Amino acid sequence: MLKDITLGQYFSGNSILHKLDPRAKIILVLLYVVMIFIADNLFSLMALLLTALILVAVSGISYKIVLKSLKPIMILIVFTTIINLFFTTSDDAPLVHWGIIKIYRVGIINAVFMIIRIVSLIIGTSVLLTYTTSPISLTDGIERLLKPLKKIRVPVHEFAMMMTIALRFIPTLLEETDKIISAQKARGAGFDSKGLINKAKAFLPILIPLFISAFRRADELATAMECRCYRGDEGRTRMKVLKYSAKDIIAFFAGILFLAGVILLNTINTSLSI
């Protein structure tokens with residue numbers, strides 16, 4: 001399961017998405033998230049899901065990798081499905097009535113919509129941003145977008161660096177966790193205990209070495225940054241200066257047109273709408 005978590009990983013490539021300015025990708029991701037939450041019928045939601053799948057094809061990233069990224073959130077998908085199915089009420093007659101269990105048509109529609117929203121959100125944001133943007137480019141993009149906040153003394157550079165380091169170390173810590181689990185299993189540790197309390201006790205031998213490893217890596221990173229005379233944003237220059245190009249402008253217009261299309265699809269009268 002840990003190997004299936006691809007959050008924070010960057011897959012190098014030469015696709016159009018890889019070549020987009022990181023600032024453009026961040027803005028497009030925010031626009032995509034807005035579209036996901038304003039979509040209120042099946043047509044607009046399916047258009048967003050189809051767009052996410054097209055982005056995967058354009059990026060050149062394997063669909064297997066994208067499917068792996070959905071495995072860790074299966075619990076969330078199942079939980080939201082159950083909540084919408086069994087706890088949504090309506091004045092209409094229930095489709096299923098068995099004891100205290102009542103399933104209404106609106107509950108099924110809400111559950112389907114929530115599944116599409118979550119899947120579209122994970123696929124679209126991952127492919128458009130983290131999978132196709134290197135950590136350095138992501139840091140520069142966030143910092144440049146938040147640059148106006150420097151006027152009110154907001155530590156923009158430190159904030160961007162902190163976010164990027166945290167995102168970058170997620171795969172590293174997951175890999176470290178997998179190694180610790182394998183080492184503990186080789187020593188005869190059992191992780192198949194029944195009961196919540198027993199499972200929590202079984203994972204204690206993993207948490208302590210993981211925390212020690214995380215603090216050690218943080219200390220090594222701080223030492224490496226000091227040895228390279230890192231002083232934050234003060235006097236810092238960049239080898240690659242971010243500049244918007246024609247393809248970034250085209251991507252902006254495509255995003256705005258797609259937002260208008262989602263709003264238009266929301267006006268279509270359909271029985272499958274919220």
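Residues numbered from 1 in each chain as written. Predicted model: local features only at pLDDT ≥ 70, side-chain atom pairs only at ≥ 80, totals over all residues. Heavy atoms only, no water.

For the protein chain, the helix and strand inventory stands at eleven helices and two strands. Each helix and strand of the protein chain, ordered N terminal to C terminal, gives the series α-α-α-α-α-β-β-α-α-α-α-α-α. Counting every position in the protein chain, which comprises 274 residues, the buried fraction comes to 36%. Considering only contacts within the protein chain whose residues lie at least 6 apart along the sequence, 76% involve residues at least 24 apart. Carbon and sulfur atoms make up 69% of the accessible area of the protein chain, which amounts to about 17200 Å² in all. (Helix = DSSP H or I, 4+ residues; strand = E, 2+ residues; numbered from the N terminus. Buried < 20%, exposed > 50% of the residue type's maximum accessible area, 1.4 Å probe, protein only. Contact = heavy atoms within 4.5 Å. Areas by Shrake-Rupley, 256 points an atom, 1.4 Å probe, with all protein chains shown as cover.)

Residues separated by three or four positions in an α-helix point in the same direction, a consequence of the helix having 3.6 residues per turn. Of all the residues in helix 7 (residues 135–145), the buried ones are Leu138, Thr139, Asp140, Gly141, Ile142 and Glu143. Looking at the buried positions of helix 7, the neighbouring elements they touch are helix 2 (22–38), helix 6 (105–130) and helix 8 (156–186).

Helix-helix packing: each pair is described by the crossing angle between the helix axes and the interaxial distance. Relative to each other, helix 5 (residues 74–87) and helix 6 sit at 160°, their axes nearing to 8 Å. Classed by the angle they form, the pair helix 5 and helix 6 counts as roughly antiparallel. In the crossing of helix 5 with helix 6, the sense of the turn from one axis to the other is right-handed. Residues Leu76, Ile77, Thr80, Thr81, Asn84 and Leu85 of helix 5 form the contact with helix 6, whose own contacting residues are Gly107, Ile108, Asn110, Ala111, Met114, Ile115, Ile118 and Val119. Of the residues in the contact of helix 5 with helix 6, the class split is nine nonpolar, five polar and no charged. (Axes fitted to C-alpha atoms, helices over the stretch in contact; angles between N-to-C directions. Parallel < 35°, antiparallel > 145°, perpendicular 65-115°, else oblique. Left-handed = near helix turned anticlockwise from the far one by under 90°. Nonpolar A, V, L, I, M, F, W, Y, C, P; charged D, E, K, R; others polar.)

Together, Met74, Val78, Phe79, Ile82, Ile83, Phe86 and Phe87 make up a nonpolar patch on the protein surface, roughly 680 Å² of accessible area in all. Position of Phe87 among the secondary structure elements: in helix 5. Given the relative accessible area of 62%, Phe87 is considered exposed. (Patch = residues over 30% accessible without salt bridge, like charges linked within 9 Å, V, L, I, M, F, W, Y side chains within 5 Å. Salt bridge = Lys/Arg side-chain N within 4 Å of Asp/Glu carboxyl O.)

Inspection of the secondary structure puts Leu53 in helix 3 (residues 42–59). Judged by its relative accessible area of 32%, Leu53 is partly exposed. Remark: the alpha-carbon pair of Leu53 and Ser120, spanning 67 residues in sequence, is separated by 8.5 Å. If we ignore the near neighbours within four places in the chain, the residues touching Leu53 are Tyr63 and Ile123.

Let's shift gears to the packing of helix 2 against helix 11 (residues 246–266). At a minimum axis separation of 10 Å, helix 2 and helix 11 run at an interaxial angle of 5°. Comparing the axis directions of helix 2 and helix 11 gives the class roughly parallel. For the pair helix 2 and helix 11, the contacting residues are Ala24, Ile27, Leu28, Leu31, Met35 and Ile38 in the first and Asp248, Ala251, Phe252, Gly255, Ile256, Phe258, Leu259, Val262, Ile263 and Asn266 in the second. Here the contact of helix 2 with helix 11 is built from residues that sort into 13 nonpolar, two polar and one charged.

Pairs can form between side chains of opposite charge once their charged atoms are near each other. Applying the stated criterion across every chain yields a total of four salt bridges. Taking the shortest distance from any N to any O, the salt bridge between Lys179 and Glu175 comes out at 3.8 Å. You can see Lys179 and its partner Glu175 sitting in helix 8, four residues apart, about one turn around the helix. Using a relative accessible area of 49% as the deciding quantity, one classes Lys179 as partly exposed.

Turning next to the side chain of Thr177. With respect to the helices and strands, the residue Thr177 is situated in helix 8. Polar contacts involving the side chain of Thr177 include one to the main-chain carbonyl oxygen of Leu173, which spans 2.7 Å. (Polar contact = N/O pair within 3.5 Å; in protein donor to acceptor, adjacent residues only side chain to side chain.)

Moving on, we get to unusual backbone geometry. Here Arg153, not a glycine, exhibits a phi torsion of approximately 65°, which is positive. Looking at Arg153, the relative accessible area reads 77%, which means it is exposed.

This part covers the packing of aromatic side chains. As enumerated under the stated definition, the model contains two aromatic pairs in all. An angle of 85° between the planes, with centres 5.2 Å apart, marks the rings of Phe11 and Tyr131 as edge-to-face. Of this pair, Phe11 sits in the segment before helix 1 (16–19) while Tyr131 is found in the loop between helix 6 and helix 7, placing the two residues 120 residues apart along the sequence. Directly above the aromatic system of Tyr244 lies the positively charged group of Arg23, at a separation of 4.1 Å from the ring centroid. (Phe/Tyr/Trp six-rings, centres within 6.5 Å; stacked < 30°, edge-to-face > 60°. Lys NZ or Arg CZ within 6 Å of the ring centre and 35° of its normal.)

None of the figures reported here should be taken as evidence of function without further support.
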